[in-house]
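Chains, contacts and geometry: an overview
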Amino acid sequence: MCGIVGYIGENKKAVPFLLQGLEKLEYRGYDSSGIAVLNQNEIKIVKKQGRLKVIKDILGSKDDLHSNLGIGHTRWATHGDPSDVNAHPHLSKSGKIAVVHNGIIENYINLKKTLSKKGYEFKSDTDTEVVAQLLDSLYEGNMLGTIKKATDLLEGSFALGIICTDYPDTLFAVKKDSPLIIGVGEDENFIASDIPAVLSKTRKICRLKEKQIAVLTSKNIDIFDFSGGKAKMEISEINWNVDAAEKNNYDHFMIKEIMEQPKVLNDTISPRLKDYSIKLDNLNFTEEYLKNLNKISIVACGSAYHVGCVAKYFMEELIRKPVEVELASEFRYRSPIVDKNTLVIIISQSGETADSLAALREAKKLGARVLSVVNVVGSSIANESDDVLYTWAGPEIAVATTKAYSTQLSLMYLIALYISKVLGTITDEKYKNLIENIKLLPEKITGILKKASSTEEIAKKYYQTEKIFFIGRTLDYAVCMEGSLKLKEISYIHSEAYAAGELKHGTISLIDNKTLVIALATQDKLFDKTISNIREVKSRGATILLITTEDKADKISDIADDVIYIPKISNILSPSLAVIPMQLLSYYIAKFRGCDIDKPRNLAKSVTVE
Ligand code: G6P
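Residue indices begin from 1 for each chain and proceed along its sequence in written order. Thresholds applied to this predicted model are a pLDDT of at least 70 for local features of residues and 80 or more for the giving and counting of side-chain atom pairs; totals over whole chains, interfaces and linings are not thresholded and use all residues. Excluding hydrogens and water, the side-chain figures rest on all heavy atoms present in the structure.

**Things to note about the site of the ligand**
As a reminder of what qualifies: For this description, a residue counts as near a given molecule or strand if any of its non-hydrogen atoms is within 4 Å of it. Two N or O atoms form a polar contact when they lie within 3.5 Å of each other; inside protein one atom must be a possible hydrogen donor and the other a possible acceptor, and for residues adjacent in sequence the pair counts only when both atoms belong to side chains. Computed with a 1.4 Å probe, the accessible areas rest on the Shrake-Rupley method; for each residue, only the protein chains presented here act as cover. A cavity here means a set of 1 Å grid points, computed over protein atoms only, where a 1.4 Å probe fits but cannot escape. A pocket is an open set with protein on both sides within 12 Å along at least 5 of 7 lines, and lining residues have an atom within 4 Å of a point. A molecule is counted as occupying a cavity or pocket when more than half of its atoms fall within 2 Å of that pocket's grid points. Numbering of helices and strands starts at the N terminus; helices are DSSP runs of H or I of at least 4 residues and strands are runs of E of at least 2. Classification used: nonpolar for Ala, Val, Leu, Ile, Met, Phe, Trp, Tyr, Cys and Pro, charged for Asp, Glu, Lys and Arg, polar for all others including Gly.
Not every one of the 14 residues close to the ligand is listed here, only the nearest: S303, S348, Q349, S350 and T353. The backbone of S303 places a nitrogen or oxygen atom 2.9 Å from an oxygen atom of the ligand. A distance of 2.5 Å separates an oxygen atom of the ligand from a polar side-chain atom of T353. Within the complex, the protein chains bury 90% of what would otherwise be the 390 Å² of accessible surface of the ligand. Counting atoms within 2 Å of the grid points, the majority share of the ligand lands in the second largest pocket. The element contributing the most residues to the shell around the ligand is helix 9 (residues 302–319), with three residues. In the shell around the ligand, the residues fall into five nonpolar, seven polar and two charged.

**A short note on the environment of A150**
The criterion, for reference: Exposure categories follow from relative accessible area, calculated using a 1.4 Å probe and restricted to protein chains: below 20% of the type maximum is buried, above 50% is exposed, and the middle band is partly exposed. Working rule for contacts: check all heavy atoms of both residues, and any pair within 4.5 Å makes them a contact.
Structurally, A150 is set in helix 5 (residues 143–153). Judged by relative accessible area, A150 falls into the buried class, the value being 3%. For A150, the contacting residues outside a window of four places in its chain are L134, L135 and L138.

**A few points about the packing of helix 7 (residues 261–269) against helix 13 (residues 403–423)**
Axes are the key here: two packed helices are described by the angle between their axes and the distance separating the axes. Test applied: Axis definition: a line fit to C-alpha positions, over the contact stretch in the case of helices; interaxial angles, taken between N-to-C directions, run 0 to 180 degrees. Between 65 and 115 degrees an angle is taken as roughly perpendicular, under 35 as roughly parallel, over 145 as roughly antiparallel, and anywhere else as oblique. Two helices that cross are described as forming a left-handed crossing if the nearer one is turned anticlockwise from the farther one by less than a right angle, and a right-handed crossing if clockwise.
Where helix 7 meets helix 13, the closest approach of the two axes is 9 Å, and the angle between their N-to-C directions is 30°. Considering their axes alone, helix 7 and helix 13 lie roughly parallel with respect to each other. Classified by chirality, the crossing of helix 13 by helix 7 is right-handed. Only K403, S406, T407, S410, L411 and L414 of helix 13 make contact with helix 7, whose side of the interface consists of Q261, V264, L265, T268 and I269. Partitioned by chemical class, the residues of the contact of helix 7 with helix 13 number five nonpolar, five polar and one charged.

**Notes on the nonpolar core**
To be explicit about the condition: Within this scheme, the nonpolar core is defined by two criteria: the residues are buried Ala, Val, Leu, Ile, Met, Phe, Trp, Tyr or Cys, and they are joined through side-chain atoms within 4.5 Å.
In terms of nonpolar packing, the biggest core is built from 123 residues, with F314, M315, I345, M412, I415 and I419 touching the most fellow members. Ranked by residues supplied to this core, first place goes to helix 13 with 12 residues. Ignoring any residue separated from it by four or fewer positions in sequence, one finds M412 in contact with I298, V307, A311, F314, M315, I345, I347 and V373. With 30 residues, the next largest nonpolar core counts I105, Y108, I162 and V215 among its residues.

**Topic: empty space enclosed by the protein**
What counts, and what does not: Grid points are joined across faces, edges and corners, and a volume is the space filled by probe spheres set on the points.
By the definition in use, this model includes one cavity of 30 Å³ or more. The computed volume of the largest cavity comes to approximately 60 Å³. C2, R75, W76, T78, H79, H88, H101, G103, T126, D127 and T128 are the residues that line the largest cavity. Of the residues assigned to the lining of the largest cavity, the class counts are two nonpolar, seven polar and two charged.

**Examining the domain arrangement of the protein**
Note: interface size is frequently given as the accessible area lost on complex formation between the parts. Test applied: Boundaries between domains were set according to an automatic or database domain assignment.
Here the protein is partitioned into domain 1 (3–239), domain 2 (245–446) and domain 3 (451–595). Averaged C-alpha coordinates put domain 1 and domain 3 at centres separated by 45 Å.

**Quick notes on the sheet that holds strand 11 (residues 204–207)**
Our working rule: Note: two strands are recorded as paired if DSSP finds a minimum of 2 bridges between them.
Strand order in this open sheet of eight strands is 3-2-4-1-10-9-11-15, and the pairing throughout is antiparallel. In this open sheet, the two edge strands, each paired with only one partner strand, are strand 3 (42–49) and strand 15 (236–237). Bridge analysis of strand 1 (residues 3–9) against strand 10 (residues 188–192) gives five bridges, and the strand direction is antiparallel. Residue pairing in the sheet places Y7 in a bridge with F190 of strand 10. The strands touched by helix 1 (residues 14–25) within the sheet are strand 1, strand 2 (32–39), strand 4 (69–75) and strand 10, with strand 1 carrying the most contacts at an inclination of about 155°. Along the sheet, helix 2 (residues 52–60) contacts strand 2 and strand 3; its crossing angle with strand 3, the most-contacted strand, is approximately 135°.

**Some words on helix 16 (residues 475–491)**
So the rule is basically this: In this scheme, a helix's expected span is set at 1.5 Å multiplied by one less than its residue total.
With 17 residues, helix 16 should cover 24 Å at 1.5 Å per step; its first-to-last C-alpha distance of 24 Å lies within 8% of that length. Burial of helix 16 is extensive: 14 of the 17 residues sit out of reach of the surface. Looking one or two residues beyond helix 16, the residue adopting positive phi is Y492, at roughly 65°.

**Things to note about the pairing of strand 27 (residues 562–566)**
Only one face of strand 27 is covered, namely the face carrying D562, I564 and I566; the face carrying V563 and Y565 is uncovered. Pairing between strand 26 (residues 543–549) and strand 27: five bridges, direction parallel. Looking at strand 27, one finds that L546 is bridged to V563.

**A few points about the layout of surface pockets**
Within this model, the second largest pocket holds a volume of roughly 670 Å³. Considering the residues around the second largest pocket, the lining is formed by 32 residues, among which C301, G302, S303, K605 and V607 are closest to the centre. Elements with a contribution of two residues or more to the lining of the second largest pocket: helix 9, helix 10 (328–331), strand 20 (342–348), helix 11 (354–365) and helix 16. Ranked by the residues each element gives to the lining of the second largest pocket, the list is headed by helix 9, at four residues.

**Regarding the environment of I147**
Within the element layout of this structure, I147 appears in helix 5. Placed 15 residues apart in sequence, I147 and I162 show a C-alpha to C-alpha distance of 9.3 Å. The contacts of I147, once residues within four sequence positions are left out, are L135, I162, F172, V174 and I213.

**What about the pairing of strand 18 (residues 295–300)?**
The condition that has to hold: A crossover gets the label right-handed when its path from the first strand over the helix to the second runs clockwise, viewed with the strands pointing away from the viewer.
In terms of burial, strand 18 is largely enclosed, as six of its six residues are buried. Because side chains alternate across strand 18, one face comprises the buried residues K295, S297 and V299, and the other comprises I296, I298 and A300, equally buried. Pairing between strand 18 and strand 20: six bridges, direction parallel. Among the inter-strand pairings, S297 is bridged to a residue of strand 20, identified as V344. Here five bridges tie strand 18 to strand 19 (residues 323–327), and the two strands are oriented parallel to one another. Within the sheet, the bridge partner assigned to S297 lies in strand 19 and is E324. Between strand 18 and its parallel partner strand 19, the chain crosses via helix 9, and the hand of that crossover is right-handed.

Set out below in structure tokens:
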């Protein structure tokens, strides 16, 4: 949540970089934006409620903001409404210090009280303004020393970009529990919340570690820890292409990312499969360790949690150990029963989700071994886990995840098969069959994507519906949760995912002739049961869109108003295929409704506050 950028250079290029960098970070929040630059010994700020375009238009008409030093921010409001005054950067009372912030200062009320007694007044409702005034109150001419003192007093999570009028050649950055990277350039250096912001300028990146402060000039970067010791800077070279974070010829990032799924699935699966053997990077679970496991706990948020919901079904079937799935925001606060014989799997695209990171730390404290399934290399969750397996989805920009979900799921299949093989809970025949089928996933997904236009036609028919239920049983039900979330996120239609067999225990009272029921029926053993549930809602007036496998065509008769067929595959793997038409359906429905698909209201992609 919130994106921050900063620039120090020699050619007065701060403003163009800040705007360009913020554009790449808008996925992190977009209710207001702002920049602060040092210009003729004075900090000048332009900040406004609304999309980045608002300040771009203002800055286009201002020609007095040429500067070598500046910071910028795109906001997802936590404290105080989206408004001009609450937008960042925030300026200190003396006008000497400006701050941009991502995270939450948990003790800001106490700090505000103390600062108020010292005569500080606050213009905004934000926690961030407290940081600016705190720095001001502590400042005695040495900015690095002041920042160190402030970090002792600040509680919560904070990635900060700071400029000070006494330091016209220096940009300061701070990281605690929110991501921050440094881009290393030539005669210019950068800070940002995420790599795409600096990628057009440099491929040399340093990820700040926990509790570090960076001091950047155009030619030099020094890193310190909060206790004052100098830290080593580890630079890595980014080897993915800028194109991966560009829309290219697609209308939206979301559809581009949907279409990329065959490739990224292949990138995630194939390096780990050699004939019939699975090699999960450096992961080495011994038979003894696995035999002693009392359970596996999958912990995540949002769509990553939905991956866990699917995985629970197939993992328990293959591994024959209890598998729990839990929302990270619940897990972290409820004294979970976890010990050294529990394997905790954290799933996260960004690797920075605040609740997932806190859950990871809690699990480790309780003695569990933590394996993470993460997309962003070197992210906090990846760094702090005992073992990490990367999904190779590449940068995902659309707020609504698609390719990250699919790659996470594919990796969970490999993990389940790997463990069941070591434990001997799977027959050779079933194991081989599943591996062969996993290899077919990219090709089968390509087949579904080729028929996207027929899903678009169906979306055209239903985009004005205001009440939608997704129903299915077992694995299908778990996929429905993701289908429903996708639709809610980007089209703002209220929908609910329901276990098909549970509808009659109350919820069926909501079904009427204005309801669209999207039924998913891919599981052979449960097909007839789900069809019975479809009849129940149909006879109460609902319109039915059925998603099922091609082999069921002759069993459907007139039960559904529309049918989307997906290719036949092993039942266990059908979620990987079934989710694709659901993603497409959400996308096209949102498009017909004229929604802002890549930046849905109130959402942000990377949720770094709890
Ligand atoms: C946000 C995103 C979701 C994502 C969730 C968890 O809500 O909009 O798409 O599933 O965060 O994020 P993570 O980065 O941990 O997968």
